[in-house]
4 protein chains.
Amino acid sequence: MTLWGGVFQHPTDDAVRRLNDSLPFDWRLYDVDITASQAWAGALHRAAILTSEEHQAIVQGLERVRRLFASGQFVPAPGDEDIHTAVERWLTEAIGPVAGKLHTGRSRNDQVATDLRLWVMQATPALLDHIRDLQRALLAQAAGHVHSVMPGLTHFQPAQPITAAHWLLSTVAMLERDWDRLGQAAAAAASQCPLGSGALAGTPYPIDRTALAVALGFQQASSNSLDAVSDRDFVADFLHAAALLMTHLSRLAEDLIIYSNPRFGFVTLDDRYSTGSSLMPQKRNPDPLELARGKTGRIIGHLAGLLTTLKGLPSGYNKDLQEDKEPLFDAYDTLMLLLPVLTALIASMTLHPERMRAALDEAMLATDLADYLVARGVPFRHAHHLTGQVVRRAEALGVKLSALPLADYQAIALQFGPDVYDVFDFDQAVARRRPVGGAAPETVSAQINQWQARLGQS
Amino acid sequence: MTLWGGVFQHPTDDAVRRLNDSLPFDWRLYDVDITASQAWAGALHRAAILTSEEHQAIVQGLERVRRLFASGQFVPAPGDEDIHTAVERWLTEAIGPVAGKLHTGRSRNDQVATDLRLWVMQATPALLDHIRDLQRALLAQAAGHVHSVMPGLTHFQPAQPITAAHWLLSTVAMLERDWDRLGQAAAAAASQCPLGSGALAGTPYPIDRTALAVALGFQQASSNSLDAVSDRDFVADFLHAAALLMTHLSRLAEDLIIYSNPRFGFVTLDDRYSTGSSLMPQKRNPDPLELARGKTGRIIGHLAGLLTTLKGLPSGYNKDLQEDKEPLFDAYDTLMLLLPVLTALIASMTLHPERMRAALDEAMLATDLADYLVARGVPFRHAHHLTGQVVRRAEALGVKLSALPLADYQAIALQFGPDVYDVFDFDQAVARRRPVGGAAPETVSAQINQWQARLGQS
Amino acid sequence: MTLWGGVFQHPTDDAVRRLNDSLPFDWRLYDVDITASQAWAGALHRAAILTSEEHQAIVQGLERVRRLFASGQFVPAPGDEDIHTAVERWLTEAIGPVAGKLHTGRSRNDQVATDLRLWVMQATPALLDHIRDLQRALLAQAAGHVHSVMPGLTHFQPAQPITAAHWLLSTVAMLERDWDRLGQAAAAAASQCPLGSGALAGTPYPIDRTALAVALGFQQASSNSLDAVSDRDFVADFLHAAALLMTHLSRLAEDLIIYSNPRFGFVTLDDRYSTGSSLMPQKRNPDPLELARGKTGRIIGHLAGLLTTLKGLPSGYNKDLQEDKEPLFDAYDTLMLLLPVLTALIASMTLHPERMRAALDEAMLATDLADYLVARGVPFRHAHHLTGQVVRRAEALGVKLSALPLADYQAIALQFGPDVYDVFDFDQAVARRRPVGGAAPETVSAQINQWQARLGQS
Amino acid sequence: MTLWGGVFQHPTDDAVRRLNDSLPFDWRLYDVDITASQAWAGALHRAAILTSEEHQAIVQGLERVRRLFASGQFVPAPGDEDIHTAVERWLTEAIGPVAGKLHTGRSRNDQVATDLRLWVMQATPALLDHIRDLQRALLAQAAGHVHSVMPGLTHFQPAQPITAAHWLLSTVAMLERDWDRLGQAAAAAASQCPLGSGALAGTPYPIDRTALAVALGFQQASSNSLDAVSDRDFVADFLHAAALLMTHLSRLAEDLIIYSNPRFGFVTLDDRYSTGSSLMPQKRNPDPLELARGKTGRIIGHLAGLLTTLKGLPSGYNKDLQEDKEPLFDAYDTLMLLLPVLTALIASMTLHPERMRAALDEAMLATDLADYLVARGVPFRHAHHLTGQVVRRAEALGVKLSALPLADYQAIALQFGPDVYDVFDFDQAVARRRPVGGAAPETVSAQINQWQARLGQS
């Protein structure tokens with residue numbers, strides 16, 4: 001039976017029910033719904049609307065309902081439109097008509113807004129932990145490759161040598177922002193408690209909403225009931241944080257997909273994190289990485305979709321807002337499934353420093369060659385131009401920069417001396433990038449130490 | 001058991017399987033997968049790769065598998081990564097090792113591309129029928145309201161009188177474009193058959209791909225195997241068509257939501273298509289309309305998400321493409337559920353012509369007043385300005401235009417004569433909009449006849 | 001002349017230049033680019049790479065360039081690919097070859113990332129002020145309408161009475177979140193300084209990046225150069241904050257558009273904030289509100305677009321990132337133009353309390369009728385059902401609830417007594433919503449006081 | 001002066017004007033606006049609303065206005081809200097008050113809808129030509145590389161050998177769909193003429209709208225005026241076609257970016273289509289390709305943005321629709337700039353068949369090895385498994401497949417004979433993919449011939 005109906009002459013059409021009902025996806029709010037209802041019963045009791053006995057009966061009845069849900073014994077009944085209806089229906093079966101007092105002074109509008117916030121508050125920590133785990137896996141790999149020099153790319157062209165550790169730490173840094181941003185989204189969910197906003201106008205009962213909010217873990221009670229029942233900013237914030245996190249995972253995935261192609265061969269994935277082909281017996285495909293990249297579209301689509309749903313709505317609760325849950329749950333589930341797979345994939349992959357080193361090319365030291373001239377007084381802009389000519393000359397002769405005769409160097413700039421050939425040392429070039437944030441092993445090691453200190457504390 | 005594995009030393013990680021497996025959503029391709037496999041078996045037979053007996057066994061075995069699926073007896077087994085694996089596994093159980101010959105010369109890459117196209121081809125007609133039904137419901141309501149004059153709005157402000165029929169037909173016209181566009185998306189799916197493209201390079205067996213394509217209902221065989229296995233344009237086309245259709249439904253919904261607010265009161269929804277409130281006993285909420293509007297965001301998000309997934313992919317099949325199915329199925333299911341509800345809602349709603357008429361305001365005839373001056377030789381631009389002054393004068397005096405004394409009219413323009421008061425006839429104003437597309441009853445009636453002729457033939 | 005070219009045999013194609021050049025939109029970074037370059041020159045000086053004279057010459061030369069830009073004298077020259085090139089070219093014209101020393105140890109990759117962060121840091125405060133102004137305008141209107149009872153809607157159907165002040169404050173509360181969120185986006189921009197990251201690997205010169213970061217107003221130097229040059233999270237954060245702000249503005253706009261339709265007539269916009277029709281002389285259209293609603297799509301599109309651009313990129317700087325600026329600037333400009341218009345529109349609009357009150361309907365007190373029964377011991381759920389029957393009975397008789405005979409009430413529930421008619425007082429009903437967040441005048445007044453205190457301090 | 005104002009007591013606020021005015025971007029409609037106005041004048045004349053003299057004066061006056069625009073002499077005046085106002089203002093300056101008769105019976109609502117359709121109809125052919133040019137450039141490169149065997153990838157892992165021609169033709173096939181889809185979008189624009197719909201209700205003058213439509217190049221007059229003024233489906237269709245085209249260009253770009261990295265080295269871009277680095281003298285960056293990929297986000301964002309703007313709008317013209325032009329123009333301009341650059345880049349790039357061949361790996365023939373067993377009676381599924389073991393055995397021994405002793409082969413499957421070594425011929429493997437769509441040179445050559453025939457005719 002639905003929670004309403006007195007005014008209606010005809011029952012709702014079946015297809016309308018199927019369209020309207022949210023129980024198929026909002027059942028997973030049962031735990032927070034019950035928690036919020038217990039708190040509400042407490043508030044009604046303190047406001048002298050429920051007697052102590054009624055309060056006890058409701059709280060204990062709800063606890064039984066929670067156990068039934070948790071043990072998988074829940075079977076939807078006709079009329080169970082949503083989790084709120086289902087819980088109240090079961091509560092009624094458990095404790096009788098007194099259950100009908102629970103909904104006094106509240107509405108499903110404030111109830112669902114509260115539930116969804118509680119769900120985000122409750123669910124986010126596990127996600128934050130998964131981010132930390134991925135960071136740690138990257139950090140562990142980085143710690144072993146502080147001296148593994150590899151080609152650093154810009155525009156996907158060889159640019160300057162870096163190290164594998166430096167490359168891996170770039171994702172650790174990105175994930176740190178994601179950790180913060182998701183934490184902020186959860187804090188946004190916890191910032192105000194809508195319960196007691198009623199349908200839109202507030203509750204007429206003398207509820208201490210501030211105490212209620214605090215009891216449920218919120219910072220404070222919402223300040224405007226009309227806003228409170230329609231505010232889904234926290235869902236958008238969560239989806240935005242999830243979407244940006246996905247773009248970072250997609251970046252990591254793109255690197256690894258390409259680096260595990262044999263033309264690069266910098267990385268080999270463990271068999272457990274690759275899959276095969278139904279046709280081509282030799283294939284080892286980096287499916288989890290491709291899905292990380294591909295599912296980025298899915299989550300960006302969820303964010304765009306939710307914002308579009310919110311756009312142009314008038315104030316107050318509108319049923320359109322029911323579209324908030326599926327993208328939220330799907331984004332969460334996607335990340336909860338994906339992150340551990342990526343963590344294990346990272347932890348189990350093998351880097352190949354020798355193949356990275358073999359991919360270095362002396363032209364990647366052209367900037368260092370320009371710096372050589374700078375050290376001899378040539379303004380950088382001019383040194384850059386002269387070095388470009390050196391590269392072109394070497395290309396024309398088909399030789400490496402270190403094999404270009406000194407005469408050719410000096411024909412381009414007299415500042416070149418015999419020590420120019422010292423420039424062509426990849427390790428030294430990396431080691432020079434010593435200021436904070438640079439690729440130098442000592443700098444990266446210090447960074448690793450800092451990360452270990454921070455991630456260990458988390 | 002998966003369809004691959006010979007090269008692997010370690011089994012796939014369980015979480016990777018959960019991430020990778022598509023069976024939870026692609027099981028619904030079973031019917032088209034089997035149809036395509038039967039056709040492929042036929043092609044292998046004609047190419048002398050299967051004997052007649054093998055061919056028969058496979059075709060009949062597949063038919064048994066189809067029946068098992070159709071009767072709901074399918075239970076996934078470990079290793080059933082996707083519908084293709086599941087069907088081959090069950091086929092093997094049914095007919096033994098000869099089942100292993102079916103996958104000769106094809107790949108899951110061309111197989112799934114073919115299946116998904118067949119699914120769109122098979123599923124779209126029911127959707128087109130639902131659009132037709134909604135058009136017919138609108139048309140039936142329109143037929144009863146050719147003379148129901150109502151305020152026509154632009155910028156949501158009263159603009160000119162139209163009729164309810166004219167308003168309802170605007171959605172019929174929008175839906176006609178949707179019907180075409182979805183038909184084109186289905187035609188795009190049917191335009192080329194990927195089967196026989198193998199993983200990417202084509203099949204080395206002498207398959208008559210053109211005959212195969214035609215046998216499956218396609219226009220032709222795909223011309224480039226590398227493109228064929230990665231082409232998901234038809235999915236994007238379908239989602240685009242679905243998204244635009246949703247924007248039209250959202251427009252209809254927005255109108256009806258507002259018009260069923262008592263301030264307008266132009267429409268009353270039938271109880272079966274409204275729902276109630278858990279708190280407010282008097283409420284009748286137009287939930288299906290709000291969901292039509294809200295779910296528009298969902299479908300736009302699916303389109304944006306798929307395009308984002310496609311963006312930046314290298315050529316050939318990449319696992320990212322697995323993300324094509326869920327948005328497609330969800331868009332389809334959403335429309336298949338929503339459209340019949342809207343059709344019934346439209347068919348059962350009550351329009352209130354008297355409330356529409358009561359909402360008319362003589363200022364909506366200001367354009368006609370300007371046209372009165374035009375008929376007396378005043379250039380329209382000047383007539384427009386003069387009429388604006390008339391409206392302002394009437395506002396200043398707090399009277400309706402028809403109550404403004406002739407002296408006031410003539411103080412503004414001498415062309416105004418005593419017959420100016422004839423302008424203030426809403427029915428005549430509507431009747432003047434006679435050219436094609438206009439709101440005049442005779443024009444709208446002719447249009448209704450044309451629609452009835454067309455929609456009757458569909 | 002470009003900043004590179006030594007290695008190239010052929011000049012860049014003209015069309016490529018047009019495609020590549022960012023000066024047409026990044027010129028507006030000139031101020032922050034110059035500020036960052038001055039700071040960089042200082043860092044080079046402290047690192048003994050520039051002499052005091054060189055440092056002075058560069059800093060003063062840059063100041064001259066800034067003045068030239070500020071006075072509108074800048075004319076692009078061929079080869080001015082971007083603002084960095086243009087500034088360096090002009091600096092060279094101003095002070096000669098020593099200008100060529102400025103680019104030592106940095107890259108345009110770290111330069112542009114720094115510039116864009118500085119731009120966000122510099123530009124955001126004005127936007128925050130505009131939000132505050134809009135909040136204050138809403139607050140001022142609210143202060144005058146604490147007792148203006150109006151129909152509160154859910155599902156766009158009459159739900160319960162609220163007040164105009166309560167309605168207006170809901171947007172103040174939304175905007176407060178926007179103010180916070182945009183502030184957080186600016187803080188994200190300021191959280192780390194990329195300057196000194198070079199192209200990707202860090203700088204080889206002994207720059208004190210921490211001092212440099214602080215001097216420019218950042219919290220700290222970026223910790224990983226590879227991440228620093230490609231991190232555009234802060235742009236996405238800004239666009240997300242802008243998109244959510246727009247959804248709130250779209251909500252306000254939607255309300256006002258509908259409420260200014262004469263069927264509601266709750267609001268009249270000032271002539272200065274309406275526009276007319278080229279055809280219909282009587283029209284006053286709420287264009288600014290429609291554009292606020294319509295441009296929400298634009299900004300959501302910018303966010304979806306930027307995230308899509310970021311998706312799937314490999315690490316390091318890629319030219320794709322050049323697509324970050326136009327959506328950022330456009331979102332900013334849109335809001336900077338829109339917000340003051342909305343502020344003035346709100347400040348100048350007239351609310352019509354008498355029309356709001358006339359739109360009230362006793363059925364909106366059905367919840368209060370149920371609460372009447374609750375106070376007499378009926379569990380709310382049952383009271384809700386009984387009250388629904390009362391509403392239905394009144395509808396059947398065609399009378400208002402207050403005109404339904406007591407006998408009819410008591411036929412439904414014996415708990416109804418003669419005092420039931422006291423329920424039908426809209427002011428009392430509103431006044432009962434007294435707990436925090438509710439619509440009661442005393443609660444709303446307290447809220448207004450708090451807002452005034454907070455917004456006055458900002 | 002605006003086209004309205006009579007009813008207003010106060011002039012529009014300046015900031016509102018800046019927000020509202022569309023002339024900064026809709027000026028480029030001047031040509032189609034004038035064409036449509038001339039046709040409208042003709043229709044008014046035929047309907048006896050304009051005399052022959054008036055008609056002549058207006059048509060000739062408009063022609064003068066067109067020349068002024070075309071010669072760049074247009075200077076906006078205060079009040080020039082949009083191109084329609086500007087044209088009418090200038091027409092009035094040119095021919096006096098008779099200009100004021102032009103706007104009889106039409107509205108800017110139908111005018112702008114007509115203009116935008118005409119613009120799409122007029123602008124699209126050049127875009128279609130650019131697509132054809134890019135196809136031809138790809139085709140020309142393909143014609144030279146029918147025998148250039150290269151690694152074909154799936155999941156970005158080596159899969160099977162294909163040829164460079166086969167790879168290049170995959171994009172030709174994608175572009176063919178884009179050519180069709182953009183053509184359909186232009187056809188959608190041309191499908192119905194809104195002119196004569198007035199603001200929303202149709203025109204009261206006896207205009208022959210069908211003749212008018214045909215004269216302007218449309219298929220027919222719109223059938224419902226309310227729909228006609230608000231229908232922007234054709235813009236969404238165009239943006240969808242543009243977005244999908246961009247995803248194809250992004251795919252081509254992604255391939256080329258990776259293939260021009262020296263680890264692959266399959267492609268060298270001409271210097272004219274690369275750019276350099278301000279820091280690293282050796283760099284040659286594929287900027288146009290990165291922008292092609294990056295701008296895909298931009299165009300997808302435009303599509304999502306427009307659909308979001310359309311979502312939830314009520315019927316009739318709403319000012320929100322003004323947001324249709326900028327994304328349309330920007331998508332068009334982006335493609336018109338990008339496509340010729342890509343065409344020239346493709347035409348001028350150098351492929352390196354020897355590096356492609358060097359990248360082949362015998363494991364890519366594992367499918368052919370399985371097919372060898374199939375030819376000897378082993379069901380494919382079993383052959384696949386056996387071949388996987390062969391690959392693993394060769395990996396374990398660290399030898400190529402062709403160097404694995406026959407004994408090892410036969411230890412895995414007795415069907416292996418001495419002729420197994422014949423399998424390891426990449427050219428033969430490719431040549432076997434002979435059925436339509438396959439990579440075999442003879443098949444690809446036939447395909448090239450067909451493309452040449454088709455593209456030559458275009």
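Please refer to the structure higher up on the page.
Below is a summary of the structure that appears in this document. This one's a predicted model, so the numbers in the text were calculated from it and none came from an experiment.

Let's shift gears to the overall build of chain A. For chain A, the helix and strand inventory stands at 18 helices and four strands. Relative to the compact-globule value of 23 Å for 458 residues, chain A shows a C-alpha radius of gyration of 30 Å, a clear excess of over 25%. Of all 458 residues assigned to chain A, the portion counted as buried reaches 71%. Sequence-distant contacts, at least 24 apart, represent 75% of the contacts inside chain A between residues at least 6 apart.

Our focus in this paragraph is the packing of helix α6 (residues 108-143) of chain B against helix α12 (residues 325-348) of chain B. All names here are of chain B. The geometry of α6 relative to α12 is characterised by a closest axis approach of 9 Å and an angle of 15 degrees between their N-to-C directions. Between α6 and α12, the angle is such that the two are roughly parallel. Note that α6 runs across α12; the crossing there is left-handed. For the contact of α6 with α12, the per-class residue count stands at 21 nonpolar, four polar and two charged.

All told, the structure shown has 152 salt bridges over all chains when counted by the stated rule. One salt bridge connects Arg66(B) with Glu63(B), and the closest N-O pair in it is separated by 3.0 Å. Separated by three residues within a single helix, Arg66(B) and Glu63(B) lie in helix α4 (residues 52-70), roughly one turn from each other. Connected through salt bridges with shared partners, the residues Arg117(A), Asp227(A), Asp231(A), Asp233(A), Asp237(A), Arg177(C), Asp178(C) and Arg181(C) form a single ionic network.

Relating one copy of the chain to the other requires a rotation about an axis plus a shift along that axis. Superposition record for chain D on chain B: RMSD 0.0 Å, screw rotation 180 degrees, translation along axis 0.0 Å. Here the two chains are linked by the operation of a two-fold rotation axis. Judged by C-alpha distance, Ala304(D) is the residue of chain D that lies nearest the rotation axis, at 3.1 Å. Interface residue correspondence from chain D to chain B reaches 100%, placing this contact among same-surface, isologous pairings.

What follows concerns the side chain of Arg89(A). All names here are of chain A. Tracing the backbone through its elements, the reader meets Arg89 in helix α5 (residues 83-95). Reaching out from Arg89, the side chain makes a polar contact with the side chain of Asp80 at a distance of 2.4 Å. The contacts of Arg89, once residues within four sequence positions are left out, are Phe74, Val75, Pro76, Ala77 and Asp80.

What follows is about the interface of chain A and chain B. In this complex, chain A contributes 60 residues to the contact, which on the side of chain B involves 60 residues. At the junction of chain A and chain B, the tally comes to 10 salt bridges. For the salt bridge of Glu326(A) with Arg298(B), the shortest nitrogen-to-oxygen distance reads 2.8 Å. Between chain A and chain B we count 22 residue pairs in polar contact (both at pLDDT 80 or more) in total. At the level of secondary structure, the elements contributing two or more residues to the side of chain A that touches chain B comprise α1 (14-20), α11 (287-310) and α12 (325-348) of chain A. When its residues are assigned to classes, the side of chain A that touches chain B shows 22 nonpolar, 21 polar and 17 charged.

The next thing to look at is the relation of the copies chain A and chain B. Rotating chain A by 180 degrees and moving it 0.0 Å along the rotation axis overlays it on chain B with an RMSD of 0.0 Å. Take the interface residues of chain A: 100% of them recur as interface residues in chain B, which is what a same-surface contact looks like.

Below, the discussion takes up the packing of aromatic side chains. Counted by the stated rule, this structure contains 58 aromatic pairs over all chains. Members of the aromatic cluster, each reached through a chain of ring pairs, are Phe156(A), Trp167(A), Tyr259(A), Phe264(A), Phe266(A), Phe156(D), Trp167(D), Tyr259(D), Phe264(D) and Phe266(D). Positioned above the aromatic ring of Phe329(C), the side-chain terminus of Arg28(C) is 4.5 Å from the ring centre. Over the face of the ring belonging to Tyr372(C) we find Arg376(C), whose NZ or CZ atom lies 3.7 Å from the ring centre.

Listed as interface residues are 104 residues of chain D and, on the opposing side, 104 residues of chain B. Across the chain D/chain B interface, buried area totals approximately 8,400 Å², and carbon plus sulfur atoms make up 56% of it. For the interface between chain D and chain B, the tally reads 12 salt bridges. Among the ionic pairs, Asp227(B) bridges to Arg177(D), the shortest N-O distance being 2.8 Å. The tally of links between chain D and chain B comes to 40 residue pairs in polar contact (both at pLDDT 80 or more). Among the elements that take part in the side of chain D that touches chain B, helix α10 (residues 233-259) of chain D stands out by supplying 12 residues, more than any other.

Conventions used here
The written sequence of each chain sets the order in which its residues are numbered from 1. Chain labels run from A onward and ligand labels from 1 onward, assigned in the order the entries are written. Restriction of local features to residues with pLDDT of at least 70 applies here, the model being predicted, together with a cutoff of 80 or more for giving and counting side-chain atom pairs; totals for whole chains, interfaces and linings are based on all residues. Only hydrogens and water are set aside when side-chain values are computed; all heavy atoms of the structure are taken into account. Under the DSSP-based scheme used, a helix requires at least four consecutive residues in state H or I and a strand at least two consecutive residues in state E, with every element numbered from the N terminus. Note on method: radius of gyration uses C-alpha positions; expected globular size equals 2.2 Å times residues raised to 0.38. Working definition: with a 1.4 Å probe on protein chains only, accessible area under 20% of the residue-type maximum means buried, over 50% means exposed, and in between means partly exposed. Should any heavy atoms of two residues lie within 4.5 Å, those residues are considered in contact. For helices, the fitted line uses only the C-alpha atoms of the stretch in contact; every axis is such a line through C-alpha atoms, and the angle between N-to-C directions lies from 0 to 180 degrees. Note that the term roughly parallel is reserved for angles under 35 degrees, roughly antiparallel for angles over 145, roughly perpendicular for angles of 65 to 115, and oblique for everything else. Two helices crossing with the near one rotated counterclockwise from the far one by less than a right angle form a left-handed crossing, whereas a clockwise rotation gives a right-handed crossing. When residue character is reported, Ala, Val, Leu, Ile, Met, Phe, Trp, Tyr, Cys and Pro are called nonpolar, Asp, Glu, Lys and Arg charged, and the others, Gly included, polar. In the sections that follow, a salt bridge refers to a side-chain nitrogen of Lys or Arg positioned within 4 Å of a carboxyl oxygen of Asp or Glu. Least-squares fitting of one copy onto the other uses the C-alpha atoms of those residues that reach a pLDDT of at least 70 in both copies. Whenever two N or O atoms come within 3.5 Å, that pair is a polar contact, provided that in protein one can donate a hydrogen and the other can accept it, and provided that, for residues adjacent in sequence, both atoms are side-chain atoms. A pair of Phe, Tyr and Trp rings is counted when the ring centres sit within 6.5 Å of each other, with Trp represented by its six-membered ring. The angle between the planes then sorts it: under 30 degrees is stacked, over 60 is edge-to-face, the rest tilted. Two thresholds decide whether a charge sits over a ring: the Lys NZ or Arg CZ must be within 6 Å of the ring centre and within 35 degrees of the ring normal. By convention, the term buried area covers the 1.4 Å-probe accessible surface removed from two parts as they join, with the contributions of both added.

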